[in-house]
Amino acid sequence: GAVVSQHPSRVICKSGTSVKIECRSLDFQATTMFWYRQFPKQSLMLMATSNEGSKATYEQGVEKDKFLINHASLTLSTLTVTSAHPEDSSFYICSAREARGGGVIPDTQYFGPGTRLTVL
Amino acid sequence: AQKVTQAQTEISVVEKEDVTLDCVYETRDTTYYLFWYKQPPSGELVFLIRRNSFDEQNEISGRYSWNFQKSTSSFNFTITASQVVDSAVYFCALSDSQTGANNLFFGTGTRLTVIP
C-alpha cells in the first residue's frame, strides 16, 4: 500500500511553455497533497499544500500564478508550471497524506518518484 | 522555531560495516512526529519510519534500527551490516504544530555510500 505515482518522470521543454505534472495516490485517498522542489544535492523545499476541493496554500516566496496547483479529487493533484524558464529547472516531488488511516499510516506523507524538469 | 540537524553530510562505509546516521531536532511542541526517509539515486523518497513524541521505544526492522532519545532530542538511525543497496541520501524530518497541518520540516540529508 501507500503508492504514489507521478507523471511524467522527466520532461524537457522550451522556455515559455507550460508543463503539467500529475501526482496520483494509487491505493489510498489523499486528503492532502504536497508539492516540493529539490535542487541538486539539497533538501526538499515545500512549495505548497493542497487539500481536495480547496485552493492550495503556498509557501512564502512561491508564486501561485506561476505554479498552479489543482487537487480536484482525492487521488489526483496537478502542478502546472506556467511560462517555464530555465531557472524553473528542478526536481519536483509530490507527496500524499491520508489523515484517516485506511491501510496506510495516518498523518504520514508518502512520496512520488519525482519529475525532473529541464527548461531549455 | 523547529529545526532538524543532520550534521553528517556524507558518510562512506565498507560493505557489512554498521553505520549510524545522526538526527537532532528542535521543537517547542510536546506532541510531534519524527520521520526517516531514504532517497536512492532514482530520486523517489521512501518512507522508513514514523515515531511520535510519546513513544520512546526503540524500533528494529531487519537491519534497520532507530534510537529515539527525547532527553537529547535525537532520533538516530543505524544500519547493521550495510549493503551496497543502502547507498542513498537519508533525510530525517519533523512534523509539529508549527509546521502546520502535519507538514514536514526536513533536515539537509546524509549521503551514505556503501563501498563493495
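Rules and cut-offs
- Residues numbered from 1 in each chain as written.
- Chains lettered and ligands numbered in written order.
- Predicted model: local features only at pLDDT ≥ 70, side-chain atom pairs only at ≥ 80, totals over all residues.
- Heavy atoms only, no water.
- Helix = DSSP H or I, 4+ residues; strand = E, 2+ residues; numbered from the N terminus.
- Rg over C-alpha atoms; globule rule 2.2 N^0.38 Å.
- Buried < 20%, exposed > 50% of the residue type's maximum accessible area, 1.4 Å probe, protein only.
- Contact = heavy atoms within 4.5 Å.
- Areas by Shrake-Rupley, 256 points an atom, 1.4 Å probe, with all protein chains shown as cover.
- Lys, Arg positive; Asp, Glu negative; His and termini not counted.
- Charge placed at Lys NZ, Arg CZ, Asp CG, Glu CD.
- Core = buried A, V, L, I, M, F, W, Y, C linked by side-chain atoms within 4.5 Å.
- Pairing = 2+ DSSP bridges.
- Salt bridge = Lys/Arg side-chain N within 4 Å of Asp/Glu carboxyl O.
- Polar contact = N/O pair within 3.5 Å; in protein donor to acceptor, adjacent residues only side chain to side chain.

So, about the overall build of chain A. Within chain A one finds 0 helices and 11 strands. Each helix and strand of chain A, placed in order from N terminus to C terminus, yields the pattern β-β-β-β-β-β-β-β-β-β-β. Expected size for 120 residues packed as a compact globule is a radius of gyration near 14 Å; at 14 Å, chain A falls within 12% of this value. C-alpha extents for chain A along the principal axes are approximately 40 × 25 × 20 Å. By the burial criterion, 52% of the 120 residues in chain A qualify as buried. Partitioning the contacts of chain A with sequence separation of at least 6, the portion at a separation of at least 24 is 56%. Element-wise, carbon and sulfur atoms account for 51% of the exposed surface of chain A, whose accessible area totals about 5,700 Å². Put simply, chain A has 12 plus and 10 minus side-chain charges, and the middle of one group is 6 Å from the middle of the other.

Core analysis: the largest hydrophobic core is formed by 43 residues, its most contacted members being Y36(A), F111(A) and F106(B). The element best represented in this core is strand β9 (residues 90-97) of chain A, accounting for 5 residues. Apart from the residues within four sequence positions on either side, F111(A) is in contact with V4(A), Y36(A), L44(A), I93(A), C94(A), S95(A), Y37(B), E44(B), L45(B), L104(B) and F106(B). In terms of nonpolar packing, the next biggest core, distinct from the first, is built from 24 residues, Y25(B), I49(B), Y64(B) and F68(B) among them.

Time to look at unusual backbone geometry. Peptide bonds are, in most cases, trans, and in most cases residues other than glycine have a negative phi. At the junction of H7(A) and P8(A), the peptide bond is cis and its omega measures out at 0 degrees in the coordinates. By the element assignment, P8(A) lies in the loop between β1 (4-7) and β2 (10-13). Despite not being glycine, K16(B) has its phi angle at roughly 85 degrees, a positive value. Mapped onto the secondary structure, K16(B) falls in the loop between β2 (10-14) and β3 (19-21). Residue class for K16(B) comes out exposed when judged on its relative accessible area of 69%.

All names here are of chain B. Burial within strand β5 (residues 32-39) is extensive, with 8 of its 8 residues counted as buried. Alternating residues of β5 divide into Y32, L34, W36 and K38 and Y33, F35, Y37 and Q39, and every residue in both groups is buried. In terms of strand pairing, β5 meets strand β10 (residues 88-96) through 8 bridges, oriented antiparallel. When the bridges of β10 are listed, Y37 appears paired with F91. Note that β5 and strand β6 (residues 46-52) share 6 bridges and pair antiparallel. Across the sheet, residue L34 finds its bridge partner in β6, namely R51. Counting the residues between successive antiparallel strands, the hairpin from β5 to β6 contains 6 residues, one of them, G43, with a positive phi of roughly 105 degrees.

A few words now on the interface of chain B and chain A. The interface of chain B with chain A comprises 19 residues on the first partner and 22 residues on the second. The tally of links from chain B across to chain A stands at 0 salt bridges. Viewed at the interface, chain A and chain B are joined by 3 residue pairs in polar contact (both at pLDDT 80 or more).

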